[in-house]
Amino acid sequence: MKIVDLLKRESVELNGKVTSKPETIEKMVALMAAGGNLADVEAYKKSVFAREEESTTGIGEGIAIPHAKTAAVKAPGLAAMVVKDGVDYDSLDGEPAKLIFLIAAPDTEDNVHLEVLSRLSMLLMDEVFRENLIHVDAFFKCIDEAERKRFPEEYETEEKSSENTSDETQVMHTVPEKSGYRVLAVTACPTGIAHTYMAAESLENKAKEMGITIKVETNGSGGAKNVLTAQEIE
């Protein structure tokens, strides 16, 4: 599920002015409601605040990704706000949040919010991408270009022309030589959400930079993905 497919222009604020975490959530819920994804705005807002009481979704690096899975949501949605001056969001690294993405997921068996969380987390590990979102007006174009680069297999019409790019950008999915992967890794975090995927992305980026083959298994709330095999471990 592409990020650009979930975002609606009426749910994006590129010049947000907020002074506190509660005010930020109120604003984000209003943006989500403007996109028409909510069946019950107050119930959804209550779920978002309840999720924050479990642990902050201010994941650091200037990013916050509040979310809620509830029957108050009619259809999966995403709202976004850029706060150029930053806002105190009780982030894990103590730094102000400048990029806030709010996820709305219906209470169904599939965990669409976890899929979106992992996707966002991977994209947002790119410092240039984060800076572009904050300072470049072409918000949707920036996200689309980042997704095309990170998930080239999803753009079937461009598959042939981007074949070489795909090999370079998808380190963890590239089949290594007979000698196997140089590095195997497993990532996880206490809540099994964003940091699981952020850590994996960081490891993959560093391996690519060093010219080392790597495979990273992620253990998130949605279960283990890219699982290491007994043969690879051996």
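Residues numbered from 1 in each chain as written. Predicted model: local features only at pLDDT ≥ 70, side-chain atom pairs only at ≥ 80, totals over all residues. Heavy atoms only, no water.

Chemist: Any chance you could break down unusual backbone geometry for me, citing the residues and the numbers?
Modeler: In this model, Asp90 sits at a positive phi of 60°, which is unusual for a non-glycine residue. Tracing the backbone through its elements, the reader meets Asp90 in the loop between strand E5 (77-87) and strand E6 (97-105). Overall, Asp90 belongs to the partly exposed group, its relative accessible area being 49%. Of note in the backbone geometry, Asn226 takes a positive phi value of approximately 55° without being a glycine. Turning to its location among the elements, Asn226 is positioned in the loop between strand E9 (223-225) and helix H9 (230-233). (Helix = DSSP H or I, 4+ residues; strand = E, 2+ residues; numbered from the N terminus. Buried < 20%, exposed > 50% of the residue type's maximum accessible area, 1.4 Å probe, protein only.)

Chemist: Pulling in residues and values, what's your account of the side chain of Ser91?
Modeler: For Ser91, the location among the structural elements is in the loop between E5 and E6. The buried category is assigned to Ser91, whose relative accessible area is 8%. Setting aside chain neighbours within four positions, we find Ser91 in contact with Gly58, Gly60 and Ala97. (Contact = heavy atoms within 4.5 Å.)

Chemist: Hey, could you go over helix H6 (residues 139-150) for me, with residue numbers and the actual values?
Modeler: With 12 residues, H6 extends 17 Å between its outermost C-alpha atoms, agreeing within 8% with the 16 Å of an ideal straight helix rising 1.5 Å per residue. Inspection of H6 places Phe139, Phe140, Cys142, Ile143, Ala146, Glu147 and Arg150 among the buried residues, and these make up the whole buried set. Looking straight down H6, one finds that the buried residues subtend no more than 160° of arc, so they occupy a single side. (Expected span 1.5 Å × (residues − 1). Arc of directions from axis to C-beta.)

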